[in-house]
Amino acid sequence: MQHIEQYQKPFLKYLERFTVEREPKNLYSPINYILELGGKRLRPILTLMTAEVFDEHAEKAMDAALSIEVFHNFSLVHDDIMDDAPLRRGQQTVHEKWNLNTGILSGDAMLILAYQLFENYDAETFRDLAKLFSKTALEVCEGQQYDIDFETRDDVTIPEYLKMIEYKTAVLVGAAMKMGAIVAKASEADQNSIYEFGRFLGIAFQLQDDYLDAFGNPETFGKQVGGDIIENKKTYLYLKTIELGSNDDVLNLKTFMSNLELPNSNKVEKVKALFHKTGAAEATQNAVKDYTNKAFEVLETLHISDAKKQSLRLFGEQLMNRRV
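Let me sum up the structure you'll find in this document. (Residues numbered from 1 in each chain as written. Predicted model: local features only at pLDDT ≥ 70, side-chain atom pairs only at ≥ 80, totals over all residues. Heavy atoms only, no water.)

### Quick word on the overall build of the chain
Part 1 of the argument: Looking only at helices and strands, the chain features 15 helices and two strands.
Part 2 of the argument: Relative to the 2.2 N^0.38 estimate, which gives 20 Å for 324 residues, the radius of gyration of the chain is 20 Å and therefore close to what a compact globule would have.
Part 3 of the argument: Expressed as a percentage of the 324 residues in the chain, the buried residues total 55%.
Part 4 of the argument: Sequence separation of at least 24 residues holds for 72% of the intrachain contacts in the chain that already meet a minimum separation of 6.
Part 5 of the argument: When the accessible area of the chain is evaluated, it comes to approximately 15800 Å², of which 49% is carbon and sulfur surface.
Part 6 of the argument: Across the chain, the 37 positively charged side chains and the 50 negatively charged ones have centroids separated by 2 Å. (Helix = DSSP H or I, 4+ residues; strand = E, 2+ residues; numbered from the N terminus. Rg over C-alpha atoms; globule rule 2.2 N^0.38 Å. Buried < 20%, exposed > 50% of the residue type's maximum accessible area, 1.4 Å probe, protein only. Contact = heavy atoms within 4.5 Å. Areas by Shrake-Rupley, 256 points an atom, 1.4 Å probe, with all protein chains shown as cover. Lys, Arg positive; Asp, Glu negative; His and termini not counted. Charge placed at Lys NZ, Arg CZ, Asp CG, Glu CD.)

### What to know about helix H2 (residues 25–35)
Every α-helix winds through 3.6 residues per turn, so residues three or four apart in the chain are directed the same way.
Part 1 of the argument: For H2, the buried fraction is high: eight of the 11 residues fall into the buried class.
Part 2 of the argument: Residues of H2 that are buried: Leu27, Tyr28, Pro30, Ile31, Asn32, Tyr33, Ile34 and Leu35.
Part 3 of the argument: Looking at the packing, one finds that the buried side of H2 touches helix H1 (4–18), helix H4 (62–83), strand E1 (87–88), strand E2 (91–92), helix H5 (94–97) and helix H6 (100–116).

### Quick look at the layout of surface pockets
Part 1 of the argument: In this structure, the second largest pocket encloses a volume near 360 Å³.
Part 2 of the argument: Taken together, 14 residues make up the lining of the second largest pocket; nearest its centre are Asp128, Lys178, Ile182, Gln191 and Asn192.
Part 3 of the argument: Every element with two or more residues in the lining of the second largest pocket is listed here: helix H7 (123–150), helix H8 (158–183) and helix H9 (188–215).
Part 4 of the argument: The element that contributes the greatest number of residues to the lining of the second largest pocket is H7, accounting for six residues. (1 Å grid on protein atoms, 1.4 Å probe; cavity = no way out; pocket = protein on both sides within 12 Å on 5 of 7 lines; lining within 4 Å. Points joined across faces, edges and corners; volume = space filled by probe spheres on them.)

### Here we look at the packing of helix H3 (residues 42–53) against H8
Part 1 of the argument: Interaxial distance between H3 and H8 falls to 7 Å at its minimum, and their mutual angle equals 35 degrees. For the pair H3 and H8, the crossing hand works out as right-handed. Together, Arg43, Leu46, Thr47, Met49, Thr50 and Ala51 of H3 and Leu172, Val173, Ala176, Met177, Met179, Gly180 and Ala181 of H8 make up the contact between the two elements. (Axes fitted to C-alpha atoms, helices over the stretch in contact; angles between N-to-C directions. Left-handed = near helix turned anticlockwise from the far one by under 90°.)

### Remarks on the environment of Leu319
Part 1 of the argument: Here Leu319 shows up in helix H15 (residues 306–320).
Part 2 of the argument: For the pair Leu319 and Ala204, spaced 115 residues apart in sequence, the C-alpha to C-alpha distance is 9.2 Å.
Part 3 of the argument: Leave out the neighbours within four places in its chain, and Leu319 touches Leu42, Leu201 and Phe205.

### Describing the pattern of salt bridges
Part 1 of the argument: In this structure the tally under the stated criterion is 17 salt bridges.
Part 2 of the argument: The partner of Lys308 in a salt bridge is Asp55, and the shortest N-O contact between them spans 2.5 Å. With Lys308 in helix H15 and Asp55 in the loop between H3 and H4, the pair connects residues that are 253 residues apart, well separated along the chain.
Part 3 of the argument: Using a relative accessible area of 65% as the deciding quantity, one classes Asp55 as exposed.
Part 4 of the argument: A salt bridge links Arg199 to Glu166; its shortest N-O distance comes to 3.2 Å. (Salt bridge = Lys/Arg side-chain N within 4 Å of Asp/Glu carboxyl O.)

### A closer look at a negative patch on the surface
Part 1 of the argument: A cluster of acidic side chains, namely Asp83, Asp84, Glu96, Asp149 and Glu151, defines a negative patch on the protein surface.
Part 2 of the argument: Its location among the elements puts Glu96 in helix H5.
Part 3 of the argument: For Glu96, a relative accessible area of 36% corresponds to the partly exposed category. (Patch = residues over 30% accessible without salt bridge, like charges linked within 9 Å, V, L, I, M, F, W, Y side chains within 5 Å.)

### Some thoughts on the environment of Thr125
Part 1 of the argument: Residue position: Thr125 is located in helix H7.
Part 2 of the argument: Judged by its relative accessible area of 3%, Thr125 is buried.
Part 3 of the argument: Measuring from C-alpha to C-alpha, the distance between Thr125 and Val183 comes to 6.4 Å, with 58 residues separating the pair along the chain.
Part 4 of the argument: For Thr125, the residues in contact, after removing those within four places along its chain, are Ile182, Val183 and Lys185.
Part 5 of the argument: At 3.0 Å, the side chain of Thr125 and the side chain of Asp122 are in polar contact. (Polar contact = N/O pair within 3.5 Å; in protein donor to acceptor, adjacent residues only side chain to side chain.)

### Comments concerning unusual backbone geometry
Part 1 of the argument: For the bond running from Glu23 to Pro24, omega is -5 degrees, close enough to zero to count as cis.
Part 2 of the argument: Along the chain, Pro24 turns up in the loop between H1 and H2.
Part 3 of the argument: We note that Asp84 has phi near 50 degrees; this positive angle belongs to a residue other than glycine.
Part 4 of the argument: Looking at where Asp84 falls in the secondary structure, it is placed in the loop between H4 and E1.
Part 5 of the argument: The backbone of Lys185 shows a phi angle near 55 degrees, a positive value even though the residue is not glycine.
Part 6 of the argument: With respect to the element layout, Lys185 can be found in the loop between H8 and H9.

Without other data, these values stay purely geometric and don't point to any function.
Structure representation (structure tokens):
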């Protein structure tokens, strides 16, 4: 197994060959644009890494990795339309740079292109990849709908929130890893275990993101710290404050979140103070550790060497120890 950075370079070269000019330009140029905007490329790297965990050359998993990346970016194009977001990774979103219809159509084409990439595998691998992909894509849509529904609900529970982030974020991490295992023709038991490893890590990753949104370093976080508070999002921190806080704490939280006259900087500080006072901040950090440990427990069931298990553990620890 190589270091993460060593998977990134060959993947970016492969992506470069994919993002060639095609006609009609107004369909394909937006696709190339979003794919070239950057990002961590975490999901395709996981696919390549997992293939090597199960003794297959990473190059053989390149089309599956690219499919995951194309699908992920397709979901971002449509998410940005639904959110009416002007920026993505510091640049104009597709629908802002072109128009709404182009964003919808180019996104649709990306979903089809993602499926097409499986055609480069043998029939059995194609079937298994497509079956997993269809299940995952539908769950991501379900997660997005839950997220939309939660915006107008005041009775969201923590189990509901965890299900939402599992579908919206974690299943794609699990699928990225299982695809690598499928390409490597790992046993069904190992395919399912590596999926669970990725799913648990994905939940931990999103909970960590919730925490960092409030308490991350503004210089390195890459987004506006406190953005979730400003947007009144019912994150794990918010829901834990409702659960753990006194009646006064809950009343104050809802008052701060709904007060349109309160300056954003004041709102963020007051809500963050409640996150600390009620123990919600600590509970969120504990949840991150719990889900990371669940992922590590799954490692023990994998039929791979101890050295490879340790590499996966180190990857998980790096992911959860980020403070940016």
